[in-house]
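Survey of secondary and tertiary structure
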Amino acid sequence: MGSVGAKDVPELLDAHGKRIDGRGLHDLRPLKIEAGVLQRATGSAFVEWGENKVMAAVYGPREVHPRHMQQNTKAVVQCRYNMASFSVDERKRPGLDRRSQEISKVIGEALESVLFVEEFPKTSIGIYIEVLQANAGTRCAGLVAASVALADAGIPMSDLVPAVAVGKIAGKLALDLRKEEDNYGESDVPMALVPRSGRLVLLQMEGHMTRDELKTAMDMGVKGCEKIYEIQKAALRNRYSLGGNGGGEAQ
Amino acid sequence: MTNEVTTEILATHVLDLAKAGKRLDGRGLDELRPVRITPGYVTSADGSALVELGDTKVLCGVKLEPGTPFPDTPNAGVLTTNAEIVPLSSPEYEPGPPSIQSIELSRVVDRAIRAAEAIDLAKLCVTPGEKCWTCFVDLHVLDDSGNLTDAALLAAMSALKNAKLPGERFEIGPTVPLEVNHLPIETTFVRIGDALIVDPTCEEEDTCQGRLTIATDEAGNVVAMQKSMVGAFSPHDVIELVDRALVHGDRLRELINTTK
Amino acid sequence: MKERTIVLPGEELNAGEFQPGPGTYRADGRIYASVAGILSIRAPIVRVIPFSGPYIPQHGDVVIAVVKIIGPTYWLVDVGAPHYAPLHYSGTPWKIEYGECGEYLRPGDAIVVRIEAVDQNQRIGVTMNGDGLGRINGGIIEQISPTKVPRVIGKSGSMIRLLETSTGARMTVGQNGRVWIDGSQSSIYQVRQALQIIDREGQRSGLTDRIKLFLEQSHSA
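What counts and how
- Residues numbered from 1 in each chain as written.
- Chains lettered and ligands numbered in written order.
- Predicted model: local features only at pLDDT ≥ 70, side-chain atom pairs only at ≥ 80, totals over all residues.
- Helix = DSSP H or I, 4+ residues; strand = E, 2+ residues; numbered from the N terminus.
- Buried ≥ 20, exposed ≤ 12 C-beta atoms within 10 Å, placed from the backbone.
- Rg over C-alpha atoms; globule rule 2.2 N^0.38 Å.
- Pairing = 2+ DSSP bridges.
- Expected span 1.5 Å × (residues − 1).
- Contact = placed C-beta atoms within 7 Å.
- Nonpolar A, V, L, I, M, F, W, Y, C, P; charged D, E, K, R; others polar.
- Domains from an automatic or database assignment.
- Axes fitted to C-alpha atoms, helices over the stretch in contact; angles between N-to-C directions.
- Parallel < 35°, antiparallel > 145°, perpendicular 65-115°, else oblique.
- Left-handed = near helix turned anticlockwise from the far one by under 90°.
- Right-handed = clockwise from strand over helix to strand, strands pointing away.
- Core = buried A, V, L, I, M, F, W, Y, C linked by C-beta atoms within 7 Å.
- pLDDT = per-residue confidence, 0-100.

Regarding its fold elements, chain C presents four helices and 15 strands. In terms of overall dimensions, chain C has C-alpha extents of about 60 × 50 × 20 Å along its principal axes. For chain C, buried positions account for 43% of its 221 residues.

Next comes the structure, spelled out in structure tokens:
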């Protein structure tokens, strides 16, 4: 969260209620998903969402390393969310910092909630997310990509998982924050939905919201997720109906 | 996911093919896989390029930031090359500190850039002994389908060529294109029996008897080499490969120079 | 919902009266897809034939394995499942003394074996005793998605016959998606190319015609 009231705070909403990139409060940034983009991975997907570029790959089920992580009754989901050093304005030191480790954990747990992990005891399912270019919302973009990569790998799951953040800018709730809105807005609530059950498997919050605002924010997030879900499905359908690499796209 | 399972019979088949002048994927012994360069792929970097060499994919991002010159080179800027072979790139990835492969990869790429004097480090000095530009060349391996080195240097040079020195952002003068004075290109060969083949796939790397990377510049000089993996080359082999590397180098330099 | 439609994880199959088979699950009295694939209804079972997915060993499967580790009375072999499988020396046609396994099969050797036992943890045992089983010499092994194996075999083996007769190569298709191809260099190359088409486009209709066309074109080339 940014420094509210600091110098050079951009005007996040204009007189007509338009956001700095011209969107309305309920609009998603353009989202494009392509499934099956990497040759060596078991499953993969690439997501271009606004100015975010995120690649995800899935390997397994395979032997667990290190061995002591192995579980007798289910597969271990090993998720790694990593940002390329050049994905942000100020070069990031290579490797996982504490933020990336936390995000890896919550994304892994969100996805494990829909995986039939008990079908693959004593194995591991590796989910690898690389953020190549970041502009707010990369954990959601990573989760959206990883979910499509898991389906591309043929790992049984109860549903695809769309994700999006809802935030508050200039006192109004807004869907799918971009960088300036994330930095200078009042709050941020990333969430991931299991559309079939209507339940959230990832939910984080930072900033200030009233109870009623949070309720509305979740409504907006669920509606946004439903749109993203359709694009995830289109990406998979395209991959298989065309035979080659396929993509889903929406404005 | 079609690929070969590494077995003794694979090694024998690759060897028999090489004797007949053929390869697993149908290429000639001196034929590169299709190369695709996408400069400016990442806008958060000061310069970037995605290189696809067959199925191999390497993304390079260049970042320029103010720093301090090294005490022994007070009049020069700093160049740092780093390669990450991230776990999505192949099933062989093992968790832990940077693998020895990624360290070798970054060093071999770095050596070619430095030895060719691709970047004039003196021009990256702002105040001698106090302030200079640090140029980070970060390589991100997305798909390791063989011959990472050649793809990585192609990505690095393309990224440097479209990089901007962000003077305005750091209030150190105007933002200007980074000057690239020379264009080193690496060409990697492996030995399969008596055959010396260019641009190996991972199956060919797995079954080879030695790998040699040769970096050339546009003046026809050899500027860096690296022999790696178990196996050997005769001086005669090396000279033959230098001749071949010069031809591939010129073609790839042409490609970088004409890709916008 | 119609047969041969593409379904995706989480999609309801509107098949409440059927029993959920592979690639599906039941929740709240309804049946949903758990993988991306083609819907198949064979009363009383509804299933989804997956486009991709791991090899799940089944008792009786003939698979192509690679020897990884030599033990005193057994080898550990990779069958493309998450764990190595033991091949005990009694499961071979050879009379082997204790500690001499390495004289018969070495790491990197490829063998055709049959899955004998699968326990609840998907630990498996394999044997090399039986028709068509044994060590592989020559040729090459190509890995395709295990879910595409039925397409490589074709109806009553029709696809294998087509590939073998038009190229002159010989093939053994393992249920684990590994295909042993032996023959001349050019025939092996042709079969590999054809397998790549099947791996990529195996879910589309008209596959046989597509492969026939490919083989004709590669002959005239």
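There is more to say, and it comes next.
Helix and strand counts for chain A come out as four helices and eleven strands. The globule rule puts the C-alpha radius of gyration for 251 residues at 18 Å, and the 18 Å found for chain A is close to it. For chain A, the spread of C-alpha atoms along the three principal axes comes to 55 × 40 × 35 Å. In chain A, which comprises 251 residues, the share counted as buried stands at 57%.

This brings us to the sheet that holds strand β2 (residues 19–20) of chain C. Residues and elements named next belong to chain C. Spatial ordering of the open sheet is given by β1-β5-β6-β2, a layout of four strands whose pairing is mixed. Either end of the sheet is taken by a strand with one partner, and the two such strands are β1 (6–7) and β2. When β2 meets strand β6 (residues 45–50), the two strands line up parallel, connected through two bridges. Of the residues in β6, the one forming a bridge with P20 is V46.

Let us look at helix α1 (residues 8–19) of chain B. Residues and elements named next belong to chain B. End to end, α1 covers 17 Å across twelve residues, agreeing with the expected 16 Å (1.5 Å per residue, within 8%). Turning to α1, its buried residues are I9, L10, H13, V14, L17 and A18. Just past α1, the residue G21 takes up positive phi, approximately 75°.

The next point concerns the interface of chain B and chain A. In many reports, interface size means the accessible area that the parts give up when they come together. Across the boundary between the two partners, chain B contributes 28 residues, which contact 27 residues of chain A. The set of elements that each furnish at least two residues to the side of chain B that touches chain A consists of β4 (56–67), β5 (78–85) and β7 (131–143) of chain B. In terms of residue count, β7(B) provides more of the side of chain B that touches chain A than any other element does, five residues in total. Counted by class, the side of chain B that touches chain A contains eleven nonpolar, nine polar and eight charged residues.

This paragraph deals with unusual backbone geometry. Here H65(A) and P66(A) are connected by a cis peptide whose omega angle stands at -5°. Mapped onto the fold, P66(A) is located in the loop between β3 (52–62) and β4 (76–83). Of the consecutive residues A43(C) and P44(C), the connecting peptide bond is found in the cis state with omega at 5°. The topology assignment puts P44(C) in the loop between β5 (37–42) and β6. With a phi angle near 60°, D176(A) is a residue other than glycine that sits in the positive phi range. A positive phi angle is found at E171(B), which is not glycine, with a value near 55°. Relative to the helices and strands, E171(B) resides in the loop between β8 (164–166) and β9 (175–177).

Residue and element names in this part refer to chain C. With respect to the helices and strands, R151 occurs in helix α1 (residues 149–153). In this structure R151 comes out as buried when scored by C-beta crowding, with 20 C-beta atoms within 10 Å. Along the backbone, R151 and E201 are 50 residues apart, and their C-alpha atoms lie at a distance of 9.9 Å. Every residue in contact with R151, bar those within four places of it in the chain, is listed here: M159, I198, G202 and L207.

Between chain C and chain A, the contact holds 23 residues from the first and 27 residues from the second. Along the lines of polarity and charge, the residues of the side of chain C that touches chain A split into eleven nonpolar, nine polar and three charged.

Considered domain by domain, chain C is made up of domain 1 (6–50), domain 2 (62–135) and domain 3 (140–220). If you average the C-alpha positions of domain 1 of chain C and of domain 2 of chain C, the two centres end up 36 Å apart.

Residue and element names in this part refer to chain B. The N-to-C vectors of helix α2 (residues 100–115) and helix α3 (residues 148–161) enclose an angle of 50°; their axes lie 10 Å apart at closest approach. It follows that α2 is oblique to α3 by the angle criterion. α3 is crossed by α2, and the crossing has right-handed handedness. On α3, the residues that touch L105, V108, V109, A112 and I113 of α2 are L148, T149, A152, L153 and A156. Here the contact of α2 with α3 is built from residues that sort into nine nonpolar, one polar and no charged.

Here the focus is helix α5 (residues 235–258) of chain B. All names here are of chain B. Here α5 spans 34 Å end to end across 24 residues, near enough to the 34 Å set by a 1.5 Å rise per residue. Three or more residues of α5 are buried, namely L241, A245, H248, G249 and L252. Check the buried side of α5 and you find it contacts β2 (35–39), α3, β10 (185–192), β11 (195–198) and β12 (211–216).

Glancing now at the sheet that holds strand β13 (residues 222–228) of chain B. All names here are of chain B. The strand order across the open sheet formed by four strands is β11-β10-β12-β13, and the pairing between neighbours is antiparallel. This sheet does not close on itself; its edge strands, each paired only once, are β11 and β13. Averaged over all adjacent pairs, the angle separating strand axes in this sheet is 20°, with direction ignored. As defined by bridge partners, β10 adjoins β11 across four bridges and the pair is classed as antiparallel. Counterpart to F189 in the pairing with β11 is V198. Sitting on the sheet, α5 touches β10, β11, β12 and β13, and the angle it makes with β12 is about 50°.

So, on to the pairing of strand β5 (residues 124–133) of chain A. Residue and element names in this part refer to chain A. Counting buried residues along β5, ten of its ten residues qualify, which places the element largely inside the surrounding structure. Examined bridge by bridge, β3 and β5 share eight bridges and lie antiparallel to one another. By the bridge assignment, Y59 is partnered in β5 with G126. The sheet contact formed by β4 and β5 spans eight bridges and is parallel. Note that in β5 the partner of V77 across the bridge is I125. Crossover handedness for the path β4 to helix α1 (residues 98–112) to β5: left-handed.

Core analysis: the largest hydrophobic core is formed by 214 residues, its most contacted members being A145(A), A155(B) and A156(B). At eleven residues, helix α2 (residues 138–153) of chain A tops the list of elements feeding residues into this core. Those residues within four positions of A155(B) in sequence are excluded, and the remaining contacts are A49(B), L50(B), V51(B), V58(B), L59(B), C60(B) and L139(B).

When pLDDT is low, close inspection of the predicted coordinates is not appropriate. For chain C, mean pLDDT is 92; residues scoring 70 or higher make up 98% of the total. Both scores are given for the predicted complex: the pTM is 0.94, the ipTM 0.92.

Time to look at the confidence of the model for chain A. Residue and element names in this part refer to chain A. For chain A, mean pLDDT is 93; residues scoring 70 or higher make up 93% of the total. This model gives residues 1–5 a pLDDT under 50, and the stretch forms seven contacts once residues within four places in sequence are excluded. For residues 242–246, every residue scores under 50 in pLDDT, and the model assigns this stretch 13 contacts once sequence neighbours within four places are set aside.

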